[in-house]
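# Fold and geometry: a report
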Amino acid sequence: MSAASSLLSEEQFLCSICLDVFTDPVAIPCGHNFCKNCITQHWDISVQCQCPMCKEVFNTRPLLRVNTLISEMAAHCPDQRCAKPGEVPCDVCTGTKLKALKSCLVCLASYCETHLEPHQRMTGLKRHKLIDPVEDLEGRMCKKHDRPLELFCKTDQMCVCQFCTESDHKLHQFVPLKEGYEGKKAELGKTEAEIQQKIQERRLKIQEIKHSVELSEEDADREIADSVRVFTALMQSVERGQAELIETIQEKQKTTEKQAEGFIKELEQEISELMKRTAEVEQLSRTEDHLHLLQSFPSLNTPPHTKDWTEVSVHRSSYEGTVRRAVAQLEETLRKEMEKLLDVELKRVQQYAVDVTLDPDTANPALILSDDGKQVKDGDVEKNLPDNPERFSFCTCVLGKQSFSSGRFYYEVQVKGKTGWDLGVARGSINRKGEITASPEDGYWTVCLRNRNKYKALADPPVLLSVKSKPQKVGVFVDYEEGLVSFYDVDAAALIYSFTGCTFTEKLYPYFSPSLYYGGKNSAPLIISPVNHTD
């Protein structure tokens, strides 16, 4: 069988549809052969049964049976097939290009099994360098020496030929292409791992951003709901106050009108009586009957009983203070709503509580810090400490160890028993030597207590603050991206002051100053307190 098949052209064992060696070959009535699956699929999508080669049409679909003779001959045919897209074709084949088995670096050509035979048989061709089939063979040759690129120059990180090692790359370090390939492949593996890690990091960042958007949306919905609730209550209070005010005014006016109507009715009755008497007097004065006039005169000469209207007047209702009292009631309603909002606000910012400890390397030498870094007070005597660049040399200040350059953070400080203190945040680049000016322009966002009861926000210029009660514990909240620094009276759930519209461009540190000792009057420490998260 192998002898018979060798007498036939290899192309006779190729299906004209798939251009590959027959698989289950079948013959149709016109005599042409195809793979069973190929012709079946061809007819399944065709309008009529027609031979793809000669175009003969069959009225009924032919019954297909595998041609065992051709199947056996195809089985003994060399495993050659047409080059598909992406595969290297034989450079010698004419017409249908078969898949190349080898490429020759000397001939700069690729060969299928048939056309490769001379390289396996002829002595001169046997010495040629054969490699697995590749495209662009010219790119694998040294352009200067026209020799195969067989070595990798580690010095110049490029492929070279043998002659290059004795000329342009003399004294360089070389390795075989395989070794260079394995090294670069290992680097590619590392690069791929790094890329995959970056991809994973960015996917996590996308999830983080999406989660932030979701949280922001929740915050926005909550704020909208709160604003609708508050403003609805205020509008209802305004409408109710206006209605009550109008009703009060109208009731007063009705009382005035009712009083006036009573006076007018009484006056009209007296006028009627007086007019009646006038008519009787006029009639009597015209009589000629002496006796009748003398007898009637006593009763008509006496005026009818009337009220003394001299001191009688209609009292005008007074509306002075009516509107003011109504507005004061609205202010009270607004105050209560503000207290509710501040209580909710404080609970929200407490969710961003961080653990803050004092940094002894920044503390003024007169300050005494507790071992746990949670308390600081003025010791009234300077210790002999190294004057490092981070230390405050003149002012009794200290920074927290923790720094923040994004997001939100919150901490609380007990100020109970103190007559003076400063709290807030400061930039890492602030001046720490000599006298300092605590203002946003100089990198400080702080509030302070002076002389027991004078509270100030150290803005530019400073703002004198009005507080209802003396804070015993102060909460400090920072939203870095929003440019917000807020101070709260924790026990009263009241806002002390807010710096808004701030621009932060570097790390922020918690800032503390227990102020001076003042002969023991201000000896109580500032205490960084754990945050009590309330429901």
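Predicted model, so just to flag it, every value in this text is computed and none were measured.

What follows deals with helix 2 (residues 36–44). Within the sequence span of helix 2, burial applies to Cys38, Ile39 and Trp43. Seen along its axis, helix 2 keeps its buried residues to an arc of 125°; they face one direction. Contacts from the buried residues of helix 2 go to strand 1 (25–27), strand 2 (33–35), strand 3 (49–50) and strand 4 (57–58).

Here we take up the sheet that holds strand 11 (residues 367–369). Spatially, 7 strands are ordered 11-12-23-14-19-20-21 in an open sheet, and the strand pairing comes out antiparallel. The two strands at the open ends of the sheet, each matched to only one other strand, are strand 11 and strand 21 (494–499). Taken pair by pair, the neighbouring strands of this sheet meet at an average axis angle of 20°, ignoring direction. In this structure, strand 14 (residues 408–414) lies alongside strand 19 (residues 473–479), joined through 7 bridges in antiparallel fashion. From the neighbouring strand, Phe409 faces strand 19, where its bridge partner is Val478. Helix 8 (residues 322–349) rests against strand 14, strand 19, strand 20 (484–489) and strand 21 of the sheet, and its axis sits at about 115° to strand 20.

One pass over the structure, following the stated rule, counts 22 salt bridges. Residue Lys184 is joined to Glu187 by a salt bridge in which the shortest nitrogen-to-oxygen separation is 3.7 Å. Taken as a pair, Lys184 and Glu187 lie in helix 6 (residues 177–285) at a separation of 3 residues, close to a single helical turn. The exposure class of Lys184 is partly exposed, given its relative accessible area of 29%. A residue is classified by how much of its surface remains accessible, and Glu187, at 45% relative accessible area, is partly exposed. Residues joined in a network through salt bridges with shared partners are Glu223, Asp226 and Arg348.

Moving on, we come to the nonpolar core. Counting residues in hydrophobic clusters, the biggest one holds 36 residues, and the most contacted among them are Trp421, Phe499 and Phe512. Residues Val26, Trp43, Cys49 and Cys51 belong to the second largest nonpolar core, which totals 14 residues.

Relative orientation of the contacting elements helix 6 and helix 8 amounts to 165°, with a least axis distance of 10 Å. Accordingly, the angle class assigned to the pair helix 6 and helix 8 is roughly antiparallel. Note on packing geometry: the crossing formed by helix 6 with helix 8 is right-handed. The residues of helix 8 that touch helix 6, namely those facing Arg222, Glu223, Asp226, Arg229, Val230, Ala233, Leu234, Ser237, Val238, Glu244, Leu245 and Lys252, are Thr322, Val323, Gln329, Leu330, Thr333, Leu334, Glu337, Lys340, Leu341 and Arg348.

Where strands meet in a sheet, backbone hydrogen bonds hold them as pairs that are either parallel or antiparallel. The sheet built from 3 strands is open, its strands ordered 9-8-10 with antiparallel pairing. Only two strands of the sheet have a single neighbouring strand rather than two, namely strand 9 (158–160) and strand 10 (174–176). On average, each strand axis in the sheet is tilted by 40° relative to the strand beside it, whichever way the strands run. Summarising the sheet, strand 8 (residues 151–153) and strand 9 pair through 3 bridges and their orientation is antiparallel. Considered in strand 9, the bridge of Cys153 is made with Met158. Helix 6 contacts strand 8, strand 9 and strand 10 of the sheet and is inclined by roughly 95° relative to strand 10.

If a probe as big as a water molecule is rolled over the atoms, it shows which places are left empty. Taken as a whole, the largest pocket spans an internal volume of roughly 680 Å³. The wall of the largest pocket is formed by 25 residues, among which Arg222, Glu223, Glu345, Arg348 and Val349 lie closest to the centre. Every element with two or more residues in the lining of the largest pocket is listed here: helix 6, helix 8, strand 19, strand 20 and strand 21.

With that settled, consider a nonpolar patch on the surface. A grouping of Leu267, Ile271 and Met275 is seen on the molecular surface, where their side chains present a nonpolar patch of about 280 Å² in accessible area. Along the chain, the position of Met275 falls in helix 6. Among the residues examined, Met275 registers a relative accessible area of 58% and is labelled exposed.

This part is about the pairing of strand 19. Within strand 19, 6 of the 7 residues are buried, leaving the element largely enclosed by the surrounding structure. The turn joining strand 19 and strand 20, which pair antiparallel and follow one another in sequence, is formed by 4 residues; a positive phi near 70° is taken by Gly483.

Within the secondary structure, Arg391 is located in the loop between strand 12 (375–378) and strand 13 (398–399). Sequence separation of Arg391 and Pro365 is 26 residues, and the distance between their C-alpha atoms is 8.3 Å. Not counting residues up to four positions away in its chain, the partners in contact with Arg391 are Pro360, Asp361, Thr362, Ala363, Asn364, Pro365, Leu385, Pro386, Arg432 and Lys433. Engagement of the side chain of Arg391 in a polar contact is seen with the backbone oxygen of Ala363, the distance being 2.7 Å.

Closest axis-to-axis distance for the helix 6/helix 7 (residues 290–301) pair is 11 Å, and the angle between their directions is 160°. What the angle tells us is that helix 6 and helix 7 run roughly antiparallel. Pair helix 6 / helix 7 crosses with left-handed handedness. Here Arg277, Glu280, Val281 and Leu284 of helix 6 lie close against helix 7, whose contacting residues are His292, Leu293, Ser296, Phe297, Ser299 and Leu300. The residue makeup of the contact of helix 6 with helix 7, split by class, is 5 nonpolar, 3 polar and 2 charged.

Moving on, we get to the pairing of strand 12. Where burial is concerned, the two faces of strand 12 differ: the one with Val376 and Asp378 is buried and the one with Gln375 and Lys377 is not. Following strand 11, the chain reverses through 5 residues before pairing antiparallel with strand 12; Gly373 in that reversal takes a positive phi of roughly 70°.

Inspection of the secondary structure assignment puts Thr362 in the loop between helix 8 and strand 11. A polar atom in the side chain of Thr362 sits 3.0 Å from the backbone nitrogen of Leu399. Setting aside residues no more than four positions away along its own chain, Thr362 makes contact with Glu390, Arg391, Phe392, Cys397, Val398, Leu399 and Arg432.

About the thresholds
Residues numbered from 1 in each chain as written. Predicted model: local features only at pLDDT ≥ 70, side-chain atom pairs only at ≥ 80, totals over all residues. Heavy atoms only, no water. Buried < 20%, exposed > 50% of the residue type's maximum accessible area, 1.4 Å probe, protein only. Helix = DSSP H or I, 4+ residues; strand = E, 2+ residues; numbered from the N terminus. Arc of directions from axis to C-beta. Contact = heavy atoms within 4.5 Å. Pairing = 2+ DSSP bridges. Axes fitted to C-alpha atoms, helices over the stretch in contact; angles between N-to-C directions. Salt bridge = Lys/Arg side-chain N within 4 Å of Asp/Glu carboxyl O. Core = buried A, V, L, I, M, F, W, Y, C linked by side-chain atoms within 4.5 Å. Parallel < 35°, antiparallel > 145°, perpendicular 65-115°, else oblique. Left-handed = near helix turned anticlockwise from the far one by under 90°. 1 Å grid on protein atoms, 1.4 Å probe; cavity = no way out; pocket = protein on both sides within 12 Å on 5 of 7 lines; lining within 4 Å. Points joined across faces, edges and corners; volume = space filled by probe spheres on them. Patch = residues over 30% accessible without salt bridge, like charges linked within 9 Å, V, L, I, M, F, W, Y side chains within 5 Å. Areas by Shrake-Rupley, 256 points an atom, 1.4 Å probe, with all protein chains shown as cover. Polar contact = N/O pair within 3.5 Å; in protein donor to acceptor, adjacent residues only side chain to side chain. Nonpolar A, V, L, I, M, F, W, Y, C, P; charged D, E, K, R; others polar.

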